[in-house]
Amino acid sequence: MHLGTTLTQFIMEEQRRVPGATGEFSALINDIATACKMISNGVNHGGLLGVLGAAGATNVQGEEQKKMDVISNEIFLKRNEWAGHLAAMASEEMDEVYQIPAGNPRGKYLLLFDPLDGSSNIDVNVSVGSIFSILRCPGESKTEGPTPVRAFLQPGTQQVCAGYALYGPSTMLMLTTGQGVNGFTLDPNVGEFVLTHERMTIPADTNEFAINMSNYRFWETPVRRYVDECIQGKQGPRGRDFNMRWVASMVAEVHRILTRGGVFMYPMDEKLRDKGGKLRLMYEANPMSFIVEQAGGAATTGRGRILDLQPAGIHQRVPVVLGSRNEVERITGYHLETQAAA
Ligand code: P6P
């Protein structure tokens, strides 16, 4: 029976095209994939394993942690701390940088992750996901001492890899290393991720937007203008009708956009201004922006390219507008028009 191209095979074949590749990166991807398979098992067995519900704690974001948030974070740490590929890790669920435990070898990469994004959906059986980003550890940080926060504070353009796992009707792993975006579907009978979606691309135009409409009164003028025009449909300046989606799970929204186009917005709003936005730059916006751009889409804060931002902290938040290039450019244009008129 033909299994198709496995993730391991795909990564190893890509590695052969990289002069001087040591295989360390390929092994790291496999460790991340193993973590995602274990989380998929936990998510897919939900109530049967007693892993649903609140963990009885809040994370550094001040958000209530679900049991699966804590379990997923532990899985990412344990699957990735032992092999010697990483200098350190950073997670949405942990305030501080996670240092590789003494006695374990250290490597040249930094791993950042949101172990279970959209976890508020897990108790109602709606798709959730894991998001990850890989950076190179700057030279001076690979010494014996603890890896400092500043080693992580690199613009998104420095990512060597970004990906997400989507725990939905099927479990998928989407990956980019800067050579396009490829999708792998978990074959639960074999326990392997198999290449099913080669070189995914986002249509430049769309009739579908995703935003949490309950925040309308807090939005800035350009966002209200864009959404108003979509709702006016054929009778409005856009001359066509639009559809709306909101899953409240960024991984599910981005996957839909990769599959059929669309635009996703979690823009700045008045109640979030002091925090800088809703979504986190280092392990949500940057990896998703890398993936979206590699699929031909665009990703901005509304005012500038997300991947160009110089981070000030590992939990920094940013406004996000990403997806079909022509719609993102329109929304960004509205922001710049408003700025110029001010
Ligand atoms: P709201 C999930 O908590 C998340 O970080 C993203 O995955 C999602 O797009 C957003 O927040 C949902 O936010 O305000 O609709 O609950």
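Residues numbered from 1 in each chain as written. Predicted model: local features only at pLDDT ≥ 70, side-chain atom pairs only at ≥ 80, totals over all residues. Heavy atoms only, no water.

## As for the overall build of the protein
Our working rule: Secondary structure elements are defined from DSSP: runs of H or I of at least 4 residues count as helices, runs of E of at least 2 residues count as strands, and each element is numbered from the N terminus. For the radius of gyration, the atoms used are the C-alpha atoms, and the globule rule reads 2.2 Å times the number of residues raised to 0.38. Remark: exposure states derive from per-residue accessible area (1.4 Å probe, protein chains only) relative to the maximum for the residue type, with buried under 20%, exposed over 50%, and partly exposed in between. Throughout, a contact is declared for two residues whenever any of their heavy atoms are within 4.5 Å. All accessibility values rest on the Shrake-Rupley procedure with a 1.4 Å probe; residue burial counts only the protein chains present in the view.
When you go through the protein residue by residue, the secondary structure sums to seven helices and 17 strands. Taking 2.2 N^0.38 as the reference for a compact globule, 342 residues should give roughly 20 Å; the C-alpha atoms of the protein span a radius of gyration of 20 Å, in line with that estimate. In terms of overall dimensions, the protein has a C-alpha envelope of 65 × 50 × 45 Å along the principal axes. A buried classification covers 56% of the 342 residues belonging to the protein. Within the protein, contacts between residues at least 6 apart in sequence are counted, and of these 65% link residues at least 24 apart. About 14,200 Å² of surface is accessible on the protein, with carbon and sulfur atoms providing 51% of the total.

## Section: the sheet that holds strand S12 (residues 243-245)
Just so we agree on the cut-off: What makes two strands pair is DSSP finding at least two bridges between them. Helix axes are fitted to C-alpha atoms over the stretch in contact, other axes to C-alpha atoms as well, and angles between N-to-C directions run from 0 to 180 degrees.
The strand order across the open sheet formed by five strands is S12-S11-S13-S17-S15, and the pairing between neighbours is mixed. Each having just a single partner strand, S12 and strand S15 (298-300) make up the two edges of the open sheet. If you compare each strand with its neighbour and ignore which way they point, the axes differ by 15° on average. Pairing geometry for strand S13 (residues 263-266) and strand S17 (residues 320-323), over four bridges, is antiparallel. Looking at S17, one finds that Val-263 is bridged to Gly-323. In the packing of helix H6 (residues 281-294) onto the sheet, the strands contacted are S15 and S17, and the crossing angle to S17 comes to about 25°.

## Brief notes about the domain arrangement of the protein
Heads up, the rule is: These domain limits were set by an automatic method or by a database of domain assignments. Buried area is calculated as the accessible area (1.4 Å probe) missing from two parts once they are joined, with the contributions of both summed. Salt bridges are defined as contacts in which a side-chain nitrogen from Lys or Arg sits within 4 Å of a carboxyl oxygen from Asp or Glu. Charged means Asp, Glu, Lys or Arg here, nonpolar means Ala, Val, Leu, Ile, Met, Phe, Trp, Tyr, Cys or Pro, and polar covers whatever is left, Gly included.
Along its sequence, the protein is organised into domain 1 (7-197) and domain 2 (208-341). Domain 1 and domain 2 are separated by 24 Å when their C-alpha centres are compared. Listed per partner, the contact involves 47 residues of domain 1 and 32 residues of domain 2. Summing both partners gives a buried area of about 2,900 Å² for domain 1 against domain 2, and 64% of it is carried by carbon and sulfur. For the domain 1 face of the interface with domain 2, the top three residues by lost area are Ile-131, Leu-153 and Tyr-164, together amounting to 20%. The interface formed by domain 1 and domain 2 includes two salt bridges. We note a salt bridge from Glu-63 to Arg-280, for which the minimum N-O separation is 3.1 Å. Secondary structure elements with two or more residues in the side of domain 1 that touches domain 2: strand S3 (86-91), strand S5 (109-117), strand S6 (128-136), strand S7 (161-167) and strand S8 (171-176). With seven residues, S6 is the largest single contributor of residues to the side of domain 1 that touches domain 2. A per-class count over the side of domain 1 that touches domain 2 returns 24 nonpolar, 18 polar and five charged.

## A closer look at the site of the ligand
Put simply, the rule is: Distances are taken per atom, and a residue is near a molecule or strand as soon as one of its heavy atoms is within 4 Å of it. Whenever two N or O atoms come within 3.5 Å, that pair is a polar contact, provided that in protein one can donate a hydrogen and the other can accept it, and provided that, for residues adjacent in sequence, both atoms are side-chain atoms.
In the vicinity of the ligand, 13 residues are found, and the nearest of them are Asp-117, Asn-212, Trp-246, Met-250 and Tyr-266. A distance of 2.6 Å is found between an oxygen atom of the ligand and a side-chain nitrogen or oxygen belonging to Tyr-266. Contact between the ligand and Glu-284: an oxygen atom at 3.5 Å from a side-chain N or O atom of the residue. Burial of the ligand by the protein chains amounts to 83% of its free accessible area of 400 Å². Along the lines of polarity and charge, the residues of the shell around the ligand split into six nonpolar, three polar and four charged.

## Quick word on the sheet that holds strand S10 (residues 192-197)
Spatially, eight strands are ordered S4-S3-S5-S6-S7-S8-S9-S10 in an open sheet, and the strand pairing comes out mixed. Each having just a single partner strand, strand S4 (98-99) and S10 make up the two edges of the open sheet. With two bridges connecting them, S3 and S4 associate as antiparallel partners. By the bridge assignment, Met-89 is partnered in S4 with Tyr-98. Strands S5, S6, S7, S8 and strand S9 (181-187) of the sheet are contacted by helix H5 (residues 250-260), whose axis makes an angle of about 105° with S7.

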